[in-house]
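Residue strings, one per chain:
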Amino acid sequence: MTALVIRGGHLIDPAGGVDALKDILLRDGRVAEIAGPGKLKHTEDAEVLDATGLTVAPGLIDLHVHLREPGQGYKETIATGTAAAAAGGFTSVAAMPNTTPVNDSPETTRWMQAPERGAVVRVFPIAAATRGSKGEAINDYAALKAAGAVAVSDDGLPILKDNIMREALAAAARMGLTVIQHAEDTRLTHIGDKVASMNVGPTAFKLGLRGWPNEAESVIVERDIRLTHELRELRPHLHVAHISTAAAIAAVRQARRNGLRVTCEVTPHHFLLTDEHVGLYDTNAKMCPPLRSAADRDALIEALLDGVVDAIATDHAPHAVHEKEVEFERAPNGIIGLETALGLSLRWLHHEWKMPLGRVLNLLSAQPAALLGLKGRGTLAVGSYADAVIFDPKAEWTYHTREGKSKSRNTPFDGFAMQGRVRWTISEGRIAYDSAL
Amino acid sequence: MTPTTTKTRRPLATPPVAASPFPYNPGSLLSVYDLTLEALSHLLARATALENQDPLIRARILAKRRIALLFYESSTRTRTSFELAAKGLGADTTLVSDKSSSIEKGESLKDTGLTLRALGAEAIIIRHPNSGAAWQLEAETRLPVLNAGDGMHEHPTQALLDLRTILAHLRPGVEEITPETLAGVTVSITGDILHSRVARSNMLLLPRLGARVILCGPPALLPEVAAQAGPGIEIERDFEAVLRQSQVMMMLRIQAERLAGLQLDLDEYKAVYQLTGQRLAAFAPTAVVLHPGPIIRGLELTAGVADGPQSSILEQVRNGVAIRMAVVERALSANQGGRA
């Protein structure tokens, strides 16, 4: 296996407590040595990456992506999705199970990780919490974990029934797995044969669209916290996916004060955009949960700044162009996000809202790694996986969807200003993305 | 790392909302917002002029121009009056409906629009059950698109013909439309506001002319948030109080096809909100009664009111043809109007 030296860069590894100019030697997929500039030993056989003026950080970890395989390769494949991940600085992605078939089996879990899929960064499957994600019977978590699943979730759908959610939390706790909940009380968002397609409020009223009420999220989060509390002897870990409302944030904040293991992630679109960004029926601004009011968006920003939010996740959800070129109410939910998360986070969280760079990176690497129990990731300490992102933190650029690596183009961020340009992404010692190529 | 305290938080900058690119085509009429008051004055004047013109001369205006009517929902008044309007100006029209067309086979709105354009359609009049469909069609075809009702969203030509009816009664002879034209006038809209595109177009248009708009209905059909749709909109749940204040009473149908499982006690509804001869005589003896149709006699209003002297419901229908002639003419004569 080849060795790689990252020379002259500014290493920021919050988990390892490093924020200084360092040279790094990567060997056999691991971090072999870190030393002051020019001080590395044993570099004779190593390829050198000149990172002068660049920041070197642990590879980013996205705990919420949809890679669409098996079964929906026309939207994205594991190969194209991980290429997009690498271009965005991500070295690990946790893939949600709402594929075709639903990933509720060890076979599918293993299939997703097989080398034949052509992944250029590490894929960690999240298995379905219930059989077929139907919310009726929980899966065999021991077998799924043995096959490589890092968490369980029915994402795209909630685990709605109290007794099933309780069972899932208990079974997952026994296996040391996290239950990731898509918090949506579908009894409040599906009205008869009609489905709410955007946030409830004046904008939805004006556009004549059925509104998704905030309570549909918060009642599920509150219910799940109650169950987590009832099962506290087992120390279950509840993780709230794509949290989007002030009420749900408040519930998570209180649960944490009460000592419960409740974590949450927020997406860049939810902390940046509001329901007004739907404009006149932009299907690229349609996702679930929907873009919220300015008050909710501001609550998310506040929660990011004060540390209630554990991770930034993209909810990368590719859809083919023809699927989004339809009437707003008929368009599928979801937007892609792997190639814009870092640029938007640095542009807004760091540059505009003054969050220290190390904290931004923590939200994108160390904290999601801890949340999923990914050992040896989210840090560049000696001995950990050689997963790194090397980027120019000062570079300002404009994102153009057409230049992206994802197979799909559905994003509201086309033409948005970004900060921080990825130069190289290194996955377990191999260059997974090189901006010069 | 020290968490930032939120106590000292300054107002944070966030990404702005981009300006709307719509309408792409200056001939389109997607929303009542697409018309400035100046364009509105012109349109109303043209409606009158076209109505009074010799039909044989009028038929030369758009002689042999091609206009497609694309109807995904059933319609009597809107479809017929658009068709009569287009034909009255000499245009060739063709009707495509979701039944008996390739839409039944799964053809998308985009492909249907592109097909009509390839067939030579120079403008498309669309009615569709999904809010925003007219915008999508315009973005895909870049043709002049006339919104004949999109879901629960807008029905701009209905608001224009309602305005023409209101002006004929309350401001006869007015020529120039200004922000004060309807100052002092209260127009109430009662019924199923939530599902009504007619209500939305009217509540967004009439306050721009100075009118006060009162919305009335039960919470299930009139959420509080409706008052935030724009300036000059109020909610009053007491129907008698509404009657007392209104110079114009616009009544709406309960839209059974859009209730989506919502349970409504119709007897209770009638007891509170039905416009009856007694109520009208007692509280609004001079108000103009409007209804966009179709009316359900005995539900939102009694047959006596529908046929009574205060009803202008058929006058609205007649005005539909004149207004739609002006709108169709505008669609095919570029660069009239412009966004409000």
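Residues numbered from 1 in each chain as written. Chains lettered and ligands numbered in written order. Predicted model: local features only at pLDDT ≥ 70, side-chain atom pairs only at ≥ 80, totals over all residues.

Enquirer: Can you lay out the overall build of chain B for me, pointing to particular residues and giving the numbers?
Expert: Scanning chain B from terminus to terminus reveals 12 helices and 9 strands. Relative to the globule expectation of 20 Å for 340 residues, the C-alpha radius of gyration of chain B, 21 Å, shows essentially globular dimensions. The principal-axis extents of the C-alpha atoms in chain B amount to approximately 75 × 50 × 45 Å. Pairs at least 24 apart in sequence give 75% of the contacts found in chain B among residues at least 6 apart. (Helix = DSSP H or I, 4+ residues; strand = E, 2+ residues; numbered from the N terminus. Rg over C-alpha atoms; globule rule 2.2 N^0.38 Å. Contact = placed C-beta atoms within 7 Å.)

Enquirer: Give a detailed account of the overall build of chain A, specifying residues and quantitative values.
Expert: Scanning chain A for helices and strands turns up 14 helices and 20 strands. If one aligns the C-alpha atoms of chain A with their principal axes, the spans along those axes are about 70 × 45 × 40 Å. Looking at chain A residue by residue over its 437 residues, the buried ones come to 62%. Long-range contacts, defined here as pairs at least 24 residues apart, represent 75% of the contacts in chain A between residues at least 6 apart. (Buried ≥ 20, exposed ≤ 12 C-beta atoms within 10 Å, placed from the backbone.)

Enquirer: An account of the sheet that holds strand β7 (residues 90-95) of chain A is requested, with residue identities and associated values reported.
Expert: In a beta sheet, neighbouring strands are held together by backbone hydrogen bonds and run either parallel or antiparallel to one another. All names here are of chain A. The strand order β6-β7-β8-β9-β10-β15-β16-β17 describes an open sheet built from 8 strands, whose pairing is parallel. Of all strands in the sheet, those with a lone pairing partner are β6 (60-65) and β17 (311-312), marking the two edges. Across 3 bridges, strand β15 (residues 237-240) lies against strand β16 (residues 262-266) in parallel orientation. Following the sheet pairing, valine 240 is matched in β16 by cysteine 264. (Pairing = 2+ DSSP bridges.)

Enquirer: I'd love a proper account of the domain arrangement of chain B, names of residues and values included.
Expert: Residue and element names in this part refer to chain B. Domain boundaries assigned for chain B yield domain 1 (32-154 + 320-331) and domain 2 (157-314). Listed as interface residues are 22 residues of domain 1 and, on the opposing side, 21 residues of domain 2. Within the residue set of the side of domain 1 that touches domain 2, elements represented by two or more residues are α1 (37-52), β4 (145-150) and α12 (313-331). For the side of domain 1 that touches domain 2, the leading source of residues is α1, giving 7 residues. Considering only residue class, the side of domain 1 that touches domain 2 consists of 12 nonpolar, 6 polar and 4 charged. (Domains from an automatic or database assignment. Nonpolar A, V, L, I, M, F, W, Y, C, P; charged D, E, K, R; others polar.)

Enquirer: If you had to explain the pairing of strand β2 (residues 92-97) of chain B to someone new, which residues and values would you point to?
Expert: All names here are of chain B. As judged from the 6 bridges shared by strand β1 (residues 66-71) and β2, these two strands associate in the parallel manner. When the bridges of β2 are listed, alanine 68 appears paired with threonine 94. Assessed by its sense of winding, the connection that carries the chain from β1 through helix α3 (residues 77-88) to β2 is right-handed. (Right-handed = clockwise from strand over helix to strand, strands pointing away.)

Enquirer: Hey, could you go over the environment of Glu167(A) for me, with residue numbers and the actual values?
Expert: Residue placement: Glu167(A) occurs in helix α4 (residues 162-175). Counting along the chain gives 64 residues from Glu167(A) to Leu231(A), while the straight-line C-alpha distance between them is 9.8 Å.

Enquirer: Kindly report on the confidence of the model for chain B, identifying the contributing residues and their values.
Expert: Residues and elements named next belong to chain B. Per-residue pLDDT for chain B averages 93, and the proportion of residues at 70 or more is 95%. For residues 1-6, every residue scores under 50 in pLDDT, and the model assigns this stretch 12 contacts once sequence neighbours within four places are set aside. On the interface metric, ipTM, the complex scores 0.94, and its pTM is 0.95. (pLDDT = per-residue confidence, 0-100.)

Enquirer: Please give an account of the sheet that holds β2(B) that cites residues and values.
Expert: All names here are of chain B. Read across the open sheet, the 4 strands follow the order β2-β1-β3-β4; overall the sheet is parallel. This sheet does not close on itself; its edge strands, each paired only once, are β2 and β4. If you compare each strand with its neighbour and ignore which way they point, the axes differ by 15° on average. Strand contacts of α3: β1, β2, β3 (123-128) and β4, with the helix running at about 175° to β1, the strand carrying the most contacts. (Axes fitted to C-alpha atoms, helices over the stretch in contact; angles between N-to-C directions.)

Enquirer: Give me the lowdown on the domain arrangement of chain A, citing residues and values where you can.
Expert: Residue and element names in this part refer to chain A. Domain assignment breaks chain A into domain 1 (3-56 + 386-406 + 418-434) and domain 2 (60-372). Look at where the C-alpha atoms of domain 1 and domain 2 centre, and you get two points 28 Å apart. The interface of domain 1 with domain 2 comprises 21 residues on the first partner and 31 residues on the second. Looking at the side of domain 1 that touches domain 2, the element that brings in the most residues is strand β19 (residues 417-427), giving 6 residues. Split into classes, the residues belonging to the side of domain 1 that touches domain 2 amount to 11 nonpolar, 6 polar and 4 charged.

Enquirer: Lay out the interface of chain A and chain B with the relevant residues and their values.
Expert: The partner chain B presents 33 residues to the 37 residues of chain A that form the contact. Looking at the side of chain A that touches chain B, the elements that each hand over two or more residues are α6 (202-207), α10 (294-305) and α13 (357-364) of chain A. In terms of residue class, the side of chain A that touches chain B is made up of 17 nonpolar, 7 polar and 13 charged.

Enquirer: Which residues make up unusual backbone geometry, and what values do they have?
Expert: Note: most peptide bonds trans; most residues except glycine with negative phi. Between Glu69(A) and the following residue, Pro70(A), the backbone shows a cis peptide bond with an omega angle of 5°. Counting through the fold element by element, Pro70(A) comes out in the loop between β6 and α1 (78-87). In this chain, Gly293(B) is followed by Pro294(B) through a cis amide linkage whose omega measures -5°. Residue position: Pro294(B) is located in the loop between β9 (288-290) and α11 (303-307). Its identity is not glycine, yet His42(A) carries a phi of approximately 55°, on the positive side. Residue His42(A) is classed as exposed on the basis of its C-beta count, with 12 C-beta atoms lying within 10 Å. At Tyr281(A), a residue that is not glycine, the phi angle is positive and equals roughly 70°. Following the sequence through the fold, Tyr281(A) ends up in the loop between α9 (268-272) and α10.

Enquirer: Lay out the pairing of β15(A) with the relevant residues and their values.
Expert: Residues of β15(A) alternate between two faces, with His237(A) and His239(A) on one and Leu238(A) and Val240(A) on the opposite face, all of them buried. A crossover connection joins β15(A) to the parallel β16(A) through helix α8 (residues 246-257) of chain A; in handedness this β-α-β unit is right-handed.

Enquirer: Lay out the packing of helix α12 (residues 341-352) of chain A against α13(A) in plain terms, naming residues and giving numbers.
Expert: All names here are of chain A. Contact geometry of α12 with α13 gives a least axis separation of 10 Å together with a crossing angle of 145°. α13 is crossed by α12, and the crossing has right-handed handedness. Along its contact with α12, which presents Ala341, Leu342, Ser345, Leu346, Leu349 and His350, the element α13 presents Leu357, Val360 and Leu364. Classifying every residue of the contact of α12 with α13 by side-chain character gives 7 nonpolar, 2 polar and no charged. (Left-handed = near helix turned anticlockwise from the far one by under 90°.)

Enquirer: Describe in detail the nonpolar core, supporting the description with residues and values.
Expert: One finds Val152(A), Val252(A) and Ile124(B) to be the most contacted residues of the largest nonpolar core, which totals 236 residues. When sequence neighbours within four positions are dropped, the list of residues in contact with Val152(A) reads Ile126(A), Ala127(A), Ala128(A), Ala129(A), Tyr141(A), Leu144(A), Ala168(A), Ala172(A), Leu177(A) and Val179(A). (Core = buried A, V, L, I, M, F, W, Y, C linked by C-beta atoms within 7 Å.)

Enquirer: So what's going on with the environment of Ala370(A)? Residues and values would help.
Expert: Residues and elements named next belong to chain A. With respect to the helices, strands and loops of the structure, alanine 370 is situated in helix α14 (residues 366-372). Alanine 370 sits in the partly exposed class, given 19 other C-beta atoms within 10 Å. Put simply, alanine 370 and aspartate 310 are 60 residues apart on the chain and 9.6 Å apart in space, counted from C-alpha to C-alpha.

Enquirer: Describe in detail the packing of α1(B) against α12(B), supporting the description with residues and values.
Expert: Residues and elements named next belong to chain B. Where α1 meets α12, the axes come as close as 8 Å, and the angle between the chain directions of the two elements is 110°. The orientation of α1 with respect to α12, classified from their angle, is roughly perpendicular. Here α1 runs over α12; the crossing is right-handed. Where α1 approaches α12, its residues Leu43, Arg46, Ala47, Thr48, Leu50 and Glu51 are matched on the opposing element by Ala322, Ile323, Met325, Ala326, Val327, Glu329 and Arg330. For the contact of α1 with α12, a count of residues per class yields 8 nonpolar, 1 polar and 4 charged. (Parallel < 35°, antiparallel > 145°, perpendicular 65-115°, else oblique.)

Enquirer: Tell me what's going on with α13(A), and back it up with residues and numbers.
Expert: Counting buried positions over the 8 residues of α13(A) gives 7, a clear majority of the element. Burial in α13(A) covers these residues: Leu357(A), Arg359(A), Val360(A), Leu361(A), Asn362(A), Leu363(A) and Leu364(A).

Enquirer: I'd like a description of α3(B), backed by residues and values.
Expert: Residue and element names in this part refer to chain B. Helix length check: α3 (12 residues) gives 16 Å between terminal C-alpha atoms against 16 Å at 1.5 Å per residue, within 8%. Of the positions making up α3, those classed as buried are Thr78, Ser81, Phe82, Glu83, Ala85, Ala86 and Gly88. Looking at the buried residues of α3, the elements they touch are α2 (55-58), β1, β2, β3, β4 and α12. Just downstream of α3 lies glycine 90, where phi reads positive at about 95°. (Expected span 1.5 Å × (residues − 1).)

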